[in-house]
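# Examination of the molecular architecture
The lines below spell out each chain.
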Amino acid sequence: MAFPATRLRRLRASIPIRELVRETELSVRHLVYPMFVVAGLEGRTPIASMPGIDHLSIGAAVEEAGEAAALGIPAVLLFGLPASKDAEGSGAWDDEGIVQLATRAIKAAHPDLMVITDLCLCEYTSHGHCGVLRDDGVVDNDQSLELLARAAVSQAEAGADAVAPSDMMDGRVGALRAALDEHGLDETPIIAYSAKFASAFYGPFREAADSAPQSGDRRGYQMDPANALEAEREALLDAAEGADVVMVKPALPYLDVIRRVKERTRMPVAAYNVSGEYAMIKAAAAAGLLDERAAVLEALTGIRRAGADIVFTYHAKDVARWLQ
Ligand code: PBG
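We now turn to the structure provided with this report. (Residues numbered from 1 in each chain as written. Predicted model: local features only at pLDDT ≥ 70, side-chain atom pairs only at ≥ 80, totals over all residues. Heavy atoms only, no water.)

### With respect to helix H8 (residues 255–265)
- Regarding H8, the residues found buried are Val257, Ile258, Val261, Lys262 and Thr265. One side of H8 carries all its buried residues, which in axial view fall inside an arc of 135 degrees.
- Against the buried residues of H8 lie strand S7 (191–196), helix H7 (229–241), strand S8 (245–249), strand S9 (269–273) and helix H10 (292–306). (Buried < 20%, exposed > 50% of the residue type's maximum accessible area, 1.4 Å probe, protein only. Helix = DSSP H or I, 4+ residues; strand = E, 2+ residues; numbered from the N terminus. Arc of directions from axis to C-beta. Contact = heavy atoms within 4.5 Å.)

### Some points on the pattern of salt bridges
- One pass over the structure, following the stated rule, counts 23 salt bridges.
- Overlapping salt bridges, with partners in common, bring together Arg44, Asp54, Glu63, Glu64, Glu67, Lys282, Glu292, Lys317, Asp318 and Arg321 in one network. (Salt bridge = Lys/Arg side-chain N within 4 Å of Asp/Glu carboxyl O.)

### What about the packing of aromatic side chains?
- Overall, the coordinates contain nine aromatic pairs when judged by the stated rule.
- Taken together, a centroid distance of 6.1 Å and an interplanar angle of 10 degrees make the contact between Phe36 and Tyr314 stacked. Here the residue Phe36 occupies a position in strand S1 (residues 31–38), and Tyr314 occupies one in the loop between strand S10 (310–313) and helix H11 (316–323), the gap between them amounting to 278 residues.
- Classification of Phe36 by relative accessible area gives buried; the value is 0%.
- Tyr314 gets classed as buried once you look at its relative accessible area, which sits at 3%.
- Connected via pairs of aromatic rings, a cluster forms that spans Phe36, Phe79, Tyr193, Phe205, Tyr272, Tyr278, Phe312 and Tyr314.
- A cation over a ring is seen here: Lys196 above Tyr202, with NZ or CZ 5.5 Å from the ring centre.
- When the ring centre of Tyr202 is taken as reference, the NZ or CZ atom of Lys249 above it lies at 4.9 Å. (Phe/Tyr/Trp six-rings, centres within 6.5 Å; stacked < 30°, edge-to-face > 60°. Lys NZ or Arg CZ within 6 Å of the ring centre and 35° of its normal.)

### Things to note about the site of the ligand
- Surrounding the ligand, one finds 18 residues, the nearest of these being Lys196, Arg206, Lys249, Ser275 and Tyr314.
- With respect to the ligand, the side chain of Arg206 contributes an N or O atom lying 2.7 Å from an oxygen atom.
- Take Ser275: an N or O atom from its side chain is 2.7 Å from an oxygen atom of the ligand.
- When grouped by side-chain class, the residues that make up the shell around the ligand number ten nonpolar, three polar and five charged. (Near = heavy atom within 4 Å. Polar contact = N/O pair within 3.5 Å; in protein donor to acceptor, adjacent residues only side chain to side chain. Nonpolar A, V, L, I, M, F, W, Y, C, P; charged D, E, K, R; others polar.)

### Description of the environment of Ala285
- Counting through the fold element by element, Ala285 comes out in helix H9 (residues 275–286).
- When near neighbours in sequence (up to four residues on either side) are disregarded, Ala285 contacts Leu290 and Glu292.

### What about the pairing of strand S4 (residues 75–81)?
- Of all seven residues in S4, seven are buried, a share of seventy percent or more.
- Of the two faces of S4, the one lined by Ala75, Leu77, Phe79 and Leu81 and the one lined by Val76, Leu78 and Gly80 are each fully buried.
- One ladder, built from seven bridges, connects S1 with S4; its direction is parallel. Bridge pairing links Met35 to Leu78 in S4.
- At this point the chain moves from S4, through helix H3 (residues 98–109), to the parallel strand S5 (residues 114–119), and the crossover so formed is right-handed. (Pairing = 2+ DSSP bridges. Right-handed = clockwise from strand over helix to strand, strands pointing away.)

### A word on the side chain of Thr103
- Position of Thr103 among the secondary structure elements: in helix H3.
- With relative accessibility at 0%, the residue Thr103 sits in the buried group.
- The residues contacting Thr103, other than those within four sequence positions of it, are Leu78, Val115, Thr117, Ala158, Gly159 and Ala160.

### Overview of the packing of helix H4 (residues 141–157) against helix H5 (residues 172–182)
- Following both chains from N to C, one finds H4 and H5 inclined at 45 degrees, their axes separated by 9 Å at the closest point. Considering the angle they form, H4 stands oblique to H5. Where H4 crosses over H5, the handedness of that crossing is right-handed. On H5, the residues touching Leu145, Leu148, Ala149, Ala152, Val153 and Ala156 of H4 are Arg172, Ala175, Leu176, Ala179 and Leu180.
- Taken together, the residues of the contact of H4 with H5 sort by class into ten nonpolar, no polar and one charged. (Axes fitted to C-alpha atoms, helices over the stretch in contact; angles between N-to-C directions. Parallel < 35°, antiparallel > 145°, perpendicular 65-115°, else oblique. Left-handed = near helix turned anticlockwise from the far one by under 90°.)

### Quick notes on H11
- When we look at burial in H11, the residues that qualify are Ala316, Lys317, Val319 and Ala320. End-on view of H11: buried residues confined to an arc of 160 degrees, all on one side of the axis.
- Contact partners of the buried residues in H11: S1, helix H2 (58–70), H10 and S10.

### Some remarks on unusual backbone geometry
- Between Lys249 and the following residue, Pro250, the backbone shows a cis peptide bond with an omega angle of -10 degrees.
- Along the polypeptide, Pro250 turns up in the loop between S8 and H8.
- With a phi angle near 55 degrees, Arg266 is a residue other than glycine that sits in the positive phi range.
- Within the secondary structure, Arg266 sits in the loop between H8 and S9.
- Note on Arg266: relative accessible area 66%, which makes it exposed.

### Thoughts on a nonpolar patch on the surface
- A surface patch of nonpolar side chains, amounting to about 390 Å² of accessible area, comprises Leu8, Leu11, Leu20 and Val21.
- As for its position among the elements, Leu8 is in the segment before helix H1 (15–21).
- Residue classification places Leu8 among the exposed residues on the basis of a relative accessible area of 55%. (Patch = residues over 30% accessible without salt bridge, like charges linked within 9 Å, V, L, I, M, F, W, Y side chains within 5 Å. Areas by Shrake-Rupley, 256 points an atom, 1.4 Å probe, with all protein chains shown as cover.)

Right, dumping it as structure tokens:
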């Protein structure tokens, strides 16, 4: 026999050796749990498109954040649904706005839990776009930057431990960094949604956040799913403008992009396991087609293996329980 047969199976022969050689760790300490806080709501109401996820009043958000913290989840991401919307999305930078109030309440009750605020105008604009519109109905990139900067400062002043711009306007990371620094908020990190694709997998979220564009779509500012080199360029630009963490979103159809962004930027990388990815597993499990626990753990391990340091996921509380 010219060669001894390779015996990779030896590494799978027992639980101790399998665990010793495991390359990727899925642990609760990498997870961020997104929550939807609604102005004027009492208690909580289920979000039909996202089974297991609720619309929360501020009080319920404090309670939910406490549950996440008790499970060892290090951070939550806040989305706000304001009482009223307008063309500019002024609710986004209202110091008494829904995200600002929720941030203060959560930080007061759970000071060690990290609060990340999603920073975008789409939940606050009457037209549902992520920036302000020009007369011709196209998003005005540079005018939107000023409004986003105001919102970032307002969120950070309310106590956000990091801001996460998800709007995809060009130059926003630099604009936010400058505005935060000017206000003495130079210690507030920016977790930039850098490679955010124009994705069908945001469908359930747009119901949850009441943020579907009233006309047109987001392809003018979100990325073409076909492009990975462009994703690298977006991430490199955000890094150069001062992003502390770069994000790829969605996660599962873009595992190659996560890997490439990680290798190209050498930055901390986050991946967002979005509403459609969540709803897909939930629906298949409810229909008896998938083992939910096994499917979720495998999917999230794959996202980590692709190169994500941080995983934003609606499954976070379940995963924390399963890993206990
Ligand atoms: C808002 C925003 C979206 C998501 C996060 N921030 C929706 C969108 O761009 O349409 C999607 C999150 C999810 O689907 O879970 N800009």
